[in-house]
Amino acid sequence: MENDCWTRMDGSTWVKTYSGQNGWNWISRFEFSNGFKEPAHYDLTEGLHTFQISGRSQNFRIDRVHFFLSGN
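Caption draft 1: Structural view of the side chain of threonine 7. Looking at the secondary structure, you find threonine 7 in strand β1 (residues 4–9). At 2.6 Å, the side chain of threonine 7 and the side chain of threonine 17 are in polar contact. Contact partners of threonine 7, with chain neighbours within four places excluded, come to Thr13, Trp14, Val15, Thr17, Phe30, Tyr42, Phe51, Gln52 and Ile53.

Next comes the structure, spelled out in structure tokens:
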């Protein structure tokens, strides 16, 4: 499957980020090295941040990223 990549924010540890069983959708999840899984999210402070993506699966491609502010 080509549904996962590595992501990190502000130089933190790379985390497996994936979505769905047959490709991508708008509900992505993190999977940590201990096998713990949770919805993908970042708690950011005001200011500039650096978000990085690195392909994990063979033939990985991406054409967009969506960030939103939850709770408003």
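Once you've had a look at it, read on.
Caption draft 2: Local environment of the pattern of salt bridges. In total, this model carries two salt bridges according to the counting rule given. For arginine 56, the salt bridge identified is with aspartate 4, shortest N-O distance 2.4 Å. Of this pair, arginine 56 sits in the segment after β5 (51–55) while aspartate 4 sits in strand β1; the two residues are 52 residues apart in sequence, bridging distant segments of the chain. Overall, arginine 56 belongs to the partly exposed group, its relative accessible area being 39%.

Calculation rules
Every chain is numbered independently, its residues counted from 1 as its sequence is written. Confidence filtering applies because this is a predicted model: local features only for residues at pLDDT of at least 70, side-chain atom pairs given and counted only at 80 or more, and all residues used for totals across whole chains, interfaces and linings. Water and hydrogen atoms were dropped before computing side-chain values, which therefore reflect all heavy atoms in the structure. Segments assigned H or I by DSSP are reported as helices when at least four residues long, segments assigned E as strands when at least two residues long, and all are numbered from the N terminus. Definition of a polar contact: a pair of N or O atoms within 3.5 Å, with one able to donate and the other able to accept a hydrogen when the atoms are protein atoms, and with sequence-neighbouring residues admitted only if both atoms are side-chain atoms. Any two residues whose heavy atoms approach within 4.5 Å are treated as being in contact. When a carboxyl oxygen of Asp or Glu lies within 4 Å of a side-chain nitrogen of Lys or Arg, that pair is called a salt bridge. Note on exposure labels: buried denotes an accessible area under 20% of the residue type's maximum, exposed denotes more than 50%, and partly exposed covers the range between, all computed with a 1.4 Å probe on protein chains only.

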